[in-house]
Amino acid sequence: MVARTRTYGVVGLAFVAAVTAGCSGTGSRSGSGPASGSTTSPAGSSSGAAGGGGQNNAAPTESNPPGDIPDNQAFVAYQPSGGSFAGFTVKVPEGWARTGQGSTTVFTDKLNTVKITAVSAAAAPTTGSVTSKVIPQLRSHVPKFAAPKASEVTRHSGRVVLLTYQGDSANDPVTGKVVRDAFERYAFYRAGHEVDLTLSGPVKADNVDPWRIVSDSFAWR
């Protein structure tokens, strides 16, 4: 009897311990219920944040500085079909808007312009004639005309007089914004004919290569 009593006592103690542990575990789970919920919530929000982060960190669309002509710009040959003289060709950016009046043709796109004017001339232009005649004309109608410099350069067609200068653009008809422009004016001459090729765009635009393509492409026909 004593042994059986001891056995019952041991079993009883084990049962009490098990019940106590079970109650303790249940209380722990009950008390951690919100924590468990909050643990699930951050996981979900973490997934959402990852998705949002993926959108926010997506590679940005390439955007050129204002006035920069894209590196993949295509060029096409232009030869006037009318005017006082049509014996030349020059490459111009493909897709640019074209306007013309008399012997002047203009190609524009956003902030950049290619202007081509053919005139009769008794003598070839020089840095001296451009300085004494052309610069005063430009100063009178180019807003805030500044920094003129005439020089001789060589292009594929041969010797040419280059005049560089700066000036303000006309007010944008929509925004009213004025842009400070840099100009390159090339004066090509042959047998009584002068073709003035003027390239312009914002001062800070990096259009050295496109303008070189255009000016180098000029050819007499």
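Here we summarise the structure given alongside this text. (Residues numbered from 1 in each chain as written. Predicted model: local features only at pLDDT ≥ 70, side-chain atom pairs only at ≥ 80, totals over all residues. Heavy atoms only, no water.)

Section: the overall build of the chain
For the record, the criterion: A run of H or I in DSSP becomes a helix once it reaches four residues, and a run of E becomes a strand once it reaches two; helices and strands are each numbered from the N terminus. Working definition: with a 1.4 Å probe on protein chains only, accessible area under 20% of the residue-type maximum means buried, over 50% means exposed, and in between means partly exposed. Contact criterion: two residues are considered in contact whenever any of their non-hydrogen atoms come within 4.5 Å of each other. Surface accessibility follows the Shrake-Rupley procedure with a 1.4 Å probe radius. Residue values consider only the protein chains on display as shielding.
From N to C terminus, the chain includes four helices and 10 strands. For the chain, the sequential pattern of α-helices and β-strands runs α-α-β-β-β-β-β-α-β-β-β-β-α-β. Within the span of the chain, comprising 221 residues, buried residues form 30% of the whole. The contacts of the chain with a sequence gap of at least 6 include a subset with a gap of at least 24, amounting to 48%. Surface summary for the chain: the accessible area is close to 13700 Å², and the carbon and sulfur share equals 56%.

Overview of helix 3 (residues 127–141)
The test is simple: Take the number of residues in a helix, subtract one, and multiply by 1.5 Å to get its expected span. Two axes enter the definition of the bend at a residue: one is fitted to the seven residues ending there, the other to the seven starting there, and the bend is the angle between them.
Over its 15 residues, helix 3 extends 20 Å from the first C-alpha to the last, a length consistent with the 21 Å expected when each residue adds 1.5 Å. Maximal helix bending in helix 3 amounts to about 35 degrees, located at Val134; proline Pro136 follows within four positions. When we look at burial in helix 3, the residues that qualify are Val130, Val134, Ile135 and Leu138. Buried residues in helix 3 make contact with strand 6 (146–155), strand 7 (158–168) and strand 8 (180–190).

Overview of the sheet that holds strand 1 (residues 75–78)
Note the following rule: One bridge is not enough; two strands pair if DSSP finds at least two bridges between them. Structural elements are reduced to axes, namely lines fitted to C-alpha atoms, with helices fitted over the stretch in contact, and the angle between N-to-C directions of any two is expressed from 0 to 180 degrees.
With respect to topology, three strands assemble into an open sheet ordered 1-2-10, the strand pairing being antiparallel. Single-partner strands in this sheet number two, and they are strand 1 and strand 10 (219–220). Packed onto the sheet, helix 4 (residues 208–217) meets strand 1, strand 2 (88–93) and strand 10 and runs at close to 165 degrees relative to strand 2.

Looking at the packing of aromatic side chains
We apply this condition: Aromatic pairing here means that ring centres of Phe, Tyr or Trp (its six-membered ring) are within 6.5 Å. Orientation follows from the plane angle: under 30 degrees is stacked, over 60 is edge-to-face, and everything else is tilted.
Inspection of the entire model under this criterion finds nine aromatic pairs. Arranged with centres 5.1 Å apart and planes meeting at 40 degrees, the rings of Phe145 and Tyr165 form a pair that is tilted. Placement of the pair is Phe145 in the loop between helix 3 and strand 6 and Tyr165 in strand 7, with a sequence separation of 20 residues. For Phe145, a relative accessible area of 9% corresponds to the buried category. The buried category is assigned to Tyr165, whose relative accessible area is 5%. Site record: aromatic cluster; members linked through ring pairs are Phe85, Phe88, Tyr186, Phe188, Phe218 and Trp220.

Side note on the pattern of salt bridges
The condition is simple: We count a salt bridge whenever a side-chain nitrogen from Lys or Arg sits within 4 Å of a carboxyl oxygen from Asp or Glu.
On inspection of all chains with the given rule, the structure shows six salt bridges. A salt bridge links Arg180 to Asp168; its shortest N-O distance comes to 2.9 Å. One end of the pair, Arg180, is in strand 8; the other, Asp168, is in strand 7, and 12 residues separate them in sequence. Owing to a relative accessible area of 16%, Asp168 belongs among the buried residues under this scheme. One salt bridge connects Asp196 with Arg185, and the closest N-O pair in it is separated by 2.9 Å. With Asp196 in strand 9 (residues 193–202) and Arg185 in strand 8, this residue pair connects regions lying 11 residues apart in the sequence. Each of Lys144, Asp168 and Arg180 takes part in salt bridges that share partners, so that together they form one network.

Digging into the sheet that holds strand 7
Sheet architecture is open: seven strands sit in the order 3-4-5-9-8-7-6, paired in antiparallel fashion. Edge positions in the open sheet fall to strand 3 (97–101) and strand 6, since each of these has one partner strand only. Strand-to-strand twist of the sheet, defined as the mean angle between neighbouring strand axes without regard to direction, takes the value 20 degrees. Taken together, the five bridges between strand 3 and strand 4 (residues 104–109) define a ladder with antiparallel strand orientation. Within strand 4, the residue paired with Gly100 across the bridge is Thr105.

Some remarks on the layout of surface pockets
Put simply, the rule reads: Here a cavity denotes a set of grid points, spaced 1 Å apart and computed over the protein atoms alone, in which a 1.4 Å probe fits but from which it cannot get out, and a pocket denotes an open set meeting protein on both sides within 12 Å along at least five of seven lines; residues with an atom within 4 Å of a point are reported as lining. Grid points are joined across faces, edges and corners, and a volume is the space filled by probe spheres set on the points. Ten residue types, Ala, Val, Leu, Ile, Met, Phe, Trp, Tyr, Cys and Pro, are classed as nonpolar, four, Asp, Glu, Lys and Arg, as charged, and the remainder, Gly among them, as polar.
The computed volume of the largest pocket comes to approximately 1000 Å³. Every residue lining the largest pocket is counted, 35 residues in all, and those nearest its centre are Lys115, His141, Tyr165, Phe183 and Thr198. Of all the elements in the fold, those that place two or more residues in the lining of the largest pocket are strand 4, strand 5 (112–120), helix 3, strand 7, strand 8 and strand 9. Counting residues per element, the lining of the largest pocket draws most heavily on helix 3, which supplies seven residues. Among the residues forming the lining of the largest pocket, the class breakdown is 13 nonpolar, 12 polar and 10 charged.

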